[in-house]
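# Survey of secondary and tertiary structure
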Amino acid sequence: MSRRTTRAAVGPALRYQGSSSTVTVCPARTAPSGLTDRGGRTEVRTSAGTYRSDAVVIAAGVWSRELVRGLGLDVDLVAGKGYSFSVAAEPPPSRLVHLGAAKVVLTPMGKRVRVAVTMEFERDADRFRQRRIEAIVAAARLYLRHADWGDRQEGWVGPRPMTPDGLPLIGPVPGHPRVLLATGHNMLGLMLAPATGRLVAGLLTGTADSGLSSAFAPVRSVRRYSWRVRATRGQ
């Protein structure tokens, strides 16, 4: 069974209608590798080249912490990984089924069924654990006996960016007012994306509501990054 992970990144420049400002969005094929902020300008290094700008918005999910470490800071984000795959089933369920005891969700998709598990917390956002898939099969097999469990396809793992207090991190990185975070949406990334975009735009233009922005300020979850501690743990 093949596997794939979802990873964020930077692309083409977009210009707001009626504005002289431009925004560069980095697509998944252009992976950021580093970030600096000095001399009144920010610089993002990517596989497609270097981008320089007056401000940077880091919206790279759990991988945002890797970019912020280039500033000597660490973001308290943990990957809440969800696994899924699909199997053929005839007939498939007529509606979404939540198997509470098995902690598995079954979603009909045509003649196949998407089988997904809830949550796995791990520091390594990219690691794919085959045993997690096997555990899902063992838990769900009794409830979907007519499925072809040997023909598993579309194996996938995706890390949700989880924060300790359940609130997203939206706003300037402490000590770096030109570098904004927009991550840590836990399990509500798609739902909160429009509101996050509005708040980020307000922060960049100076029109954001101060009460709202302070509630999500990253200062509560950002600390100095200790390279010495990191090296010791890796030994």
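Within each chain, residues carry numbers counting from 1 in the order of the written sequence. Thresholds applied to this predicted model are a pLDDT of at least 70 for local features of residues and 80 or more for the giving and counting of side-chain atom pairs; totals over whole chains, interfaces and linings are not thresholded and use all residues. In computing side-chain properties, one takes all heavy atoms of the structure into account and sets aside hydrogens as well as water.

Note on pairing: two strands pair once DSSP finds at least 2 bridges between them. Here a strand is any run of E in DSSP of at least two residues, a helix any run of H or I of at least four, and the numbering for each starts at the N terminus. As summarised here, the arrangement of the 3 strands in space is β4-β5-β6, forming an open sheet in which the pairing is antiparallel. Looking along the sheet, the strands with just one partner apiece sit at the ends: β4 (32-38) and β6 (49-53). Shown here is a sheet whose adjacent strand axes are inclined to one another by a mean of 15°, direction ignored. As paired elements, β4 and strand β5 (residues 41-46) share 6 bridges and run antiparallel to each other. Residue pairing across strands places Leu35 opposite Val44, the latter belonging to β5. Simply put, an axis is a line fit to the C-alpha atoms, just over the touching stretch for a helix, and the angle between two N-to-C directions goes from 0 to 180 degrees.

As a further point, take the environment of Leu203. If you trace the backbone, Leu203 turns up in helix α3 (residues 189-205). Put simply, Leu203 and Leu180 are 23 residues apart on the chain and 8.7 Å apart in space, counted from C-alpha to C-alpha. Throughout, a residue-residue contact means that at least one pair of heavy atoms, one from each residue, lies within 4.5 Å. In this structure, Leu203 is in contact with Ile170, Gly171, Leu180, Ala208 and Ser213, ignoring residues within four places of it in sequence.

Attention shifts here to the pattern of salt bridges. Basic side-chain nitrogens of Lys or Arg form a salt bridge, by our definition, when they fall within 4 Å of a carboxyl oxygen of Asp or Glu. Summed over the entire model, instances satisfying the criterion amount to 14 salt bridges. When the shortest N-O distance is used, the salt bridge between Asp54 and Arg41 registers 2.6 Å. Note that Asp54 is positioned in the loop between β6 and β7 (56-58) and Arg41 in strand β5, a separation of 13 residues in sequence. Partly exposed describes any residue whose relative accessible area lies between the buried limit of under 20% and the exposed limit of over 50%, with all areas from a 1.4 Å probe on protein chains only and scaled to the type maximum. With a relative accessible area of 52%, Asp54 lands in the exposed category. Of the charged contacts, one joins Arg129 and Glu120 as a salt bridge, the two residues approaching to 3.4 Å between their closest N and O atoms. Glu120 carries the same exposure label as Arg129, and that label is buried.

This part takes up the confidence of the model for the protein chain. The predictor attaches a confidence to each residue, called pLDDT, with possible values from 0 through 100. Of the residues in the protein chain, 83% have a pLDDT of 70 or more, and the chain-wide mean is 83. Of all helices and strands in the protein chain, the one with the weakest mean pLDDT is strand β2 (residues 13-15) (41), whereas strand β15 (residues 169-173) scores best (96). Between residues 2-19, whose pLDDT stays under 50, and residues either more than four places distant or in other chains, the model counts 56 contacts. Long-range and interchain partners of residues 228-235, a stretch whose pLDDT sits below 50, account for 2 contacts in this model, where long-range means more than four residues apart.

What follows is about the pairing of strand β16 (residues 176-183). Along any regular strand, the residues point their side chains to alternate faces of the sheet. Counting buried positions along β16 gives 6 out of 8 residues, so the element sits mostly inside the fold. One ladder, built from 3 bridges, connects β7 with β16; its direction is parallel. Counterpart to Ile58 in the pairing with β16 is Leu181. Sheet topology places β15 next to β16; 5 bridges connect them, and they run antiparallel. Across the sheet, residue Val173 finds its bridge partner in β16, namely His176.

Of note, Ala79 is situated in strand β9 (residues 78-89). For Ala79, a relative accessible area of 0% puts it in the buried group. In this structure the C-alpha to C-alpha distance between Ala79 and Glu122, which are 43 residues apart in sequence, comes to 5.7 Å. Apart from the residues within four sequence positions on either side, Ala79 is in contact with Val62, Arg65, Glu120, Phe121, Glu122, Ala125, Pro159 and Arg160.

Let us now look at the sheet that holds β15. Strand order in the open sheet formed by 3 strands is β7-β16-β15, and the pairing between neighbours is mixed. Each edge of the open sheet is held by one strand with a lone partner, namely β7 and β15. Ignoring strand direction, the axes of neighbouring strands in this sheet form an average angle of 25°.

The next point concerns the packing of aromatic side chains. Working definition: rings of Phe, Tyr and Trp (its six-membered ring) pair if their centres are within 6.5 Å, and the pair is stacked with planes under 30 degrees apart, edge-to-face with planes over 60 apart, and tilted otherwise. Inspection of the entire model under this criterion finds 2 aromatic pairs. Ring centres 5.6 Å apart and planes at 55° place the aromatic pair Tyr83 and Phe128 in the tilted group. Pair noted here: Tyr83 is in strand β9 and Phe128 is in the loop between β13 (120-122) and α2 (130-140), with a separation of 45 residues, a long-range link. Overall, the relative accessible area of 15% leaves Phe128 in the buried class. Between Phe85 and Trp149, the ring centres sit 6.4 Å apart and the planes meet at 70°, which makes this aromatic pair edge-to-face. A residue pair is termed long-range when its members are at least 10 positions apart, and Phe85 in strand β9 and Trp149 in strand β14 (residues 147-162) qualify at 64 residues. The exposure class of Phe85 is buried, given its relative accessible area of 1%.

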